[in-house]
Amino acid sequence: MILADELLRAYDDQLRTDAETPSAIGVERLGPLRLVTFAGGRGFVTYRDLDGATATEIAGLVVGALTHYLADPEITRVEWKTRGHDAAPGLHGTLLANGFEADESESIMIGEASALVADVQLPDGVTVRRVTEESDVRAMCRMQGEVFGDPSSEATADAVLARLSRGDGMELWVAEADGAIISAGRLEPVPGTEFAGIWGGATRAEWRGRGIYRALTAARAKSAIAMGKRLVNSDSTEFSRPILERSGLVKVSTTTPYRWRR
């Protein structure tokens, strides 16, 4: 079994690079920061680490990053992605002081893709499939937007469709009942690494606890293995973390997104 510290090292070394943002339309550097721009007016701040920056230096980085995005009128929202194992003195307070709001923390889960492969008994009438058609993608994004409380599902769908047209390996998977999407998530193989990410997992509340998310995860894990990927990573809510832990994935750290809106 791979130890948690080995998994965390693989995560930091392989994923906290440009591989983290394959759909970026622009990336600028500010010291250790990567200031990423996505389609649909979304900014994203990430980094391998903060290179030993002091609280004063970190405050300067936050102001510099926000200034960068304010200069682009098309940017309407920015996410600053933090990790619990980083040395980041003063970052929390500085982000709040500059108009960012902290979301709920999530668990960074990593493990062998093979651990997620299982035959799951689905409820009667529920099916799992991969989707590529525009109507399916928009329905999937609307469902996820409702579950996550995100009002920008159409803009998200536009960005997802643009990615699908580029053929970068991303896959979209859904579970359906009576012709309606009730659970969904995407698979993101990371080029040049051992990893595939499992993202965007959302299940309607009335369908939770019935094996549907686990079946959707198993389908994505099988696809990841077929692509030659050995490891799977996911930022997991408290709904999905126990499912992944039961399948052998390990919590190696936490991540907390801080969000700013114009």
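For the structure given in this document, a descriptive report is provided here. (Residues numbered from 1 in each chain as written. Predicted model: local features only at pLDDT ≥ 70, side-chain atom pairs only at ≥ 80, totals over all residues. Heavy atoms only, no water.)

Comments concerning the overall build of the protein chain
- Within the protein chain, the secondary structure is distributed over seven helices and 12 strands.
- Here the protein chain has a C-alpha radius of gyration of 18 Å; the compact-globule value for 262 residues is 18 Å, and the two agree.
- For the C-alpha atoms alone, the extent of the protein chain along its principal axes is close to 55 × 40 × 30 Å.
- In the protein chain, buried positions account for 48% of the 262 residues.
- Partitioning the contacts of the protein chain with sequence separation of at least 6, the portion at a separation of at least 24 is 72%.
- In the structure as shown, the protein chain presents an accessible area of about 12,300 Å², 51% of it carried by carbon and sulfur atoms. (Helix = DSSP H or I, 4+ residues; strand = E, 2+ residues; numbered from the N terminus. Rg over C-alpha atoms; globule rule 2.2 N^0.38 Å. Buried < 20%, exposed > 50% of the residue type's maximum accessible area, 1.4 Å probe, protein only. Contact = heavy atoms within 4.5 Å. Areas by Shrake-Rupley, 256 points an atom, 1.4 Å probe, with all protein chains shown as cover.)

Comments concerning the packing of aromatic side chains
- The full count for this structure, using the stated rule, is three aromatic pairs.
- Considering the side-chain rings of Phe38 and Phe44, the 6.0 Å spacing of their centres and the 55 degrees angle between planes classify their relative orientation as tilted. Phe44 carries the same exposure label as Phe38, and that label is buried.
- An angle of 85 degrees between the planes, with centres 6.4 Å apart, marks the rings of Trp80 and Phe100 as edge-to-face. On the criterion of sequence distance, the pair formed by Trp80 in strand β4 (residues 77-83) and Phe100 in the loop between α3 (91-97) and β5 (101-102) is long-range, its members being 20 residues apart. The burial state of Trp80 is the same as that of Phe100; both residues are buried. (Phe/Tyr/Trp six-rings, centres within 6.5 Å; stacked < 30°, edge-to-face > 60°.)

Some remarks on unusual backbone geometry
- The backbone of Asp51 sits at a positive phi, close to 55 degrees, despite the residue not being glycine.
- Mapped onto the elements, Asp51 comes out in the loop between β3 (42-46) and α2 (55-70).
- Judged by relative accessible area, which is 66%, Asp51 ranks as exposed.
- Located in the positive-phi region is Asp178, a residue other than glycine, with phi close to 55 degrees.
- Within the secondary structure layout, Asp178 lies in the loop between β8 (171-177) and β9 (180-189).

Re the layout of surface pockets
- The calculated volume of the second largest pocket comes to roughly 180 Å³.
- Along the walls of the second largest pocket sit 15 residues, with Ile25, Thr37, Phe38, Asp72 and Ile75 positioned nearest its centre.
- For the lining of the second largest pocket, the secondary-structure elements that each account for two or more residues are β1 (26-30), β2 (33-38) and α2.
- Here the lining of the second largest pocket is composed, by residue class, of seven nonpolar, five polar and three charged. (1 Å grid on protein atoms, 1.4 Å probe; cavity = no way out; pocket = protein on both sides within 12 Å on 5 of 7 lines; lining within 4 Å. Points joined across faces, edges and corners; volume = space filled by probe spheres on them. Nonpolar A, V, L, I, M, F, W, Y, C, P; charged D, E, K, R; others polar.)

Brief notes about the environment of Ala19
- Secondary-structure assignment places Ala19 in the loop between α1 (4-15) and β1.
- In this structure, the C-alpha to C-alpha distance between Ala19 and Thr193, residues 174 residues apart in sequence, is 8.4 Å.
- The contact partners of Ala19, leaving out residues within four places of it in the chain, are Gln14 and Val190.

So, the environment of Leu7
- Note that Leu7 resides in helix α1.
- Taking the relative accessible area as the measure of exposure, Leu7 reaches 4% and is therefore buried.
- Counting along the chain gives 103 residues from Leu7 to Ile110, while the straight-line C-alpha distance between them is 6.6 Å.

Remarks on the environment of Gly201
- Mapped onto the secondary structure, Gly201 falls in strand β10 (residues 195-203).
- Taking the C-alpha atoms as reference, Gly201 lies 32 Å from Pro89; in sequence the two are 112 residues apart.

Some remarks on the nonpolar core
- Ranked by size, the top nonpolar core spans 20 residues in total, and within it Leu33, Val45, Trp80, Leu91 and Phe100 carry the most contacts.
- If you list the elements that add at least two residues to this core, you get β2, α2, β4, α3 and β12 (250-261).
- Sort the elements by how many residues they give to this core and α2 lands first, with six residues.
- Residue contacts for Phe100: discarding those within four places in its chain leaves Leu66, Val78, Trp80, Leu95, Tyr258, Arg259 and Trp260. (Core = buried A, V, L, I, M, F, W, Y, C linked by side-chain atoms within 4.5 Å.)

That is the geometry; function is a separate question.
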